[in-house]
Amino acid sequence: MKLSTKGRYGLRAFLDLAVCEESEPVPLASIAQRQEISVSYLEQLMAKLKKAGLVKSVRGVNGGYCLARHADEISVGDVLRALEGDLTPVECAGIDTSGAVHCNGSSQCVSKIVWKRINDSINDTVDSINIGELVQESRETKR
């Protein structure tokens, strides 16, 4: 599975926001500078994250973005799905978005087992990593 720049940059920006957010919203310009991502691209990414209910925006002089929920309540999977959509690694008619197998030849297809296991592993992994863990790891690394 290969993530697009939306997923890679979006996760970086989301983590930056989570690490830097203390008591006030974080301006996109500061995230853009630290992560070397254009503000216009960040606006697109934040719009997707906002639509998914992961961030909220605050207008005004001291405006910016903040997490919509506590970092411990948000998984890497939540962020990646908001940015990328479904994380299924292959376009196989035998696996739908829930991981269920449905296709014309599914009764004879053995490879569906491989794709389902890979799909389950990816989803289990990204869902088991919460943003709070990564924020803590980032802060410890900087010490």
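Above: the structure in question.
Asker: Just to check I follow, could you spell out helix α4 (residues 76–84) for this structure?
Answerer: Three or four residues apart is the spacing at which side chains of an α-helix point the same way, because the helix has 3.6 residues per turn. Of all the positions in α4, only V76, G77, V79, L80, A82 and L83 are classed as buried. Each element contacted by the buried residues of α4 is listed here: α1 (5–20), α3 (39–51), α5 (111–128) and α6 (131–142). Phi for G85, located one or two positions after α4, is positive at around 90 degrees.

Asker: Any chance you could explain the packing of aromatic side chains here in plain terms?
Answerer: For any two aromatic rings, the description comes down to two numbers: the centre-to-centre distance and the angle of the planes. Counted under the stated rule, the structure contains one aromatic pair. A centroid spacing of 6.1 Å and a plane angle of 85 degrees characterise the contact between Y9 and Y41, whose relative ring orientation is edge-to-face. Of the two residues, Y9 sits in helix α1 while Y41 sits in helix α3, which places them 32 residues apart along the sequence. On the accessibility criterion, Y9 (28% relative accessible area) is partly exposed.

Asker: Just checking my understanding: could you explain the pattern of salt bridges for this structure?
Answerer: For side chains bearing opposite charge, pairing can occur when the charged atoms are close. Tallied over the full model, the rule gives four salt bridges. The shortest N-O distance in the salt bridge between R81 and D127 comes to 2.9 Å. With R81 in helix α4 and D127 in helix α5, this pair connects stretches of sequence that are 46 residues apart. On the basis of relative accessibility, which here comes to 39%, the residue D127 falls in the partly exposed class.

Asker: I'm lost on the pairing of strand β2 (residues 64–67) in this one. Help?
Answerer: For a regular strand, side chains alternate in direction, first toward one face of the sheet and then toward the other. Side chains G64 and C66 of β2 all project onto a buried face; the interleaved residues Y65 and L67 project onto the opposite face, where all are buried too. As defined by bridge partners, strand β1 (residues 55–58) adjoins β2 across four bridges and the pair is classed as antiparallel. By the bridge assignment for β2, S57 is matched with Y65. Hairpin connection between β1 and β2: a loop of five residues separates the two successive antiparallel strands, and G60 in this loop has a positive phi of roughly 110 degrees.

Asker: Help me out: how do you make sense of α1 in this one?
Answerer: In a regular helix each residue adds 1.5 Å, so 16 residues correspond to 22 Å; α1 covers 22 Å between its end C-alpha atoms and thus fits that length. Those residues of α1 not exposed but buried are G7, G10, L11, A13, F14, D16, L17, A18 and V19. At its buried positions, α1 is contacted by α2 (28–35), α3, β1, β2, α4 and α6. Its side-chain oxygen at 3.2 Å from the backbone nitrogen of K6, S4 defines the N-terminal cap of α1.

Asker: Got a minute to help me understand the nonpolar core in this structure?
Answerer: Here is a general trend for soluble globular proteins: nonpolar side chains tend to be buried in one another's company. Ranked by size, the top nonpolar core spans 32 residues in total, and within it F14, M46, L49, V79 and I131 carry the most contacts. Those elements giving two or more residues to this core turn out to be α1, α2, α3, β2, α4, α5 and α6. In this view, M46 contacts A13, L17, L28, I31, V55 and Y65; residues no more than four positions away in its chain are not counted.

What counts, and where the lines are drawn
- Residues numbered from 1 in each chain as written.
- Predicted model: local features only at pLDDT ≥ 70, side-chain atom pairs only at ≥ 80, totals over all residues.
- Heavy atoms only, no water.
- Buried < 20%, exposed > 50% of the residue type's maximum accessible area, 1.4 Å probe, protein only.
- Helix = DSSP H or I, 4+ residues; strand = E, 2+ residues; numbered from the N terminus.
- Contact = heavy atoms within 4.5 Å.
- Phe/Tyr/Trp six-rings, centres within 6.5 Å; stacked < 30°, edge-to-face > 60°.
- Salt bridge = Lys/Arg side-chain N within 4 Å of Asp/Glu carboxyl O.
- Pairing = 2+ DSSP bridges.
- Expected span 1.5 Å × (residues − 1).
- Polar contact = N/O pair within 3.5 Å; in protein donor to acceptor, adjacent residues only side chain to side chain.
- Core = buried A, V, L, I, M, F, W, Y, C linked by side-chain atoms within 4.5 Å.

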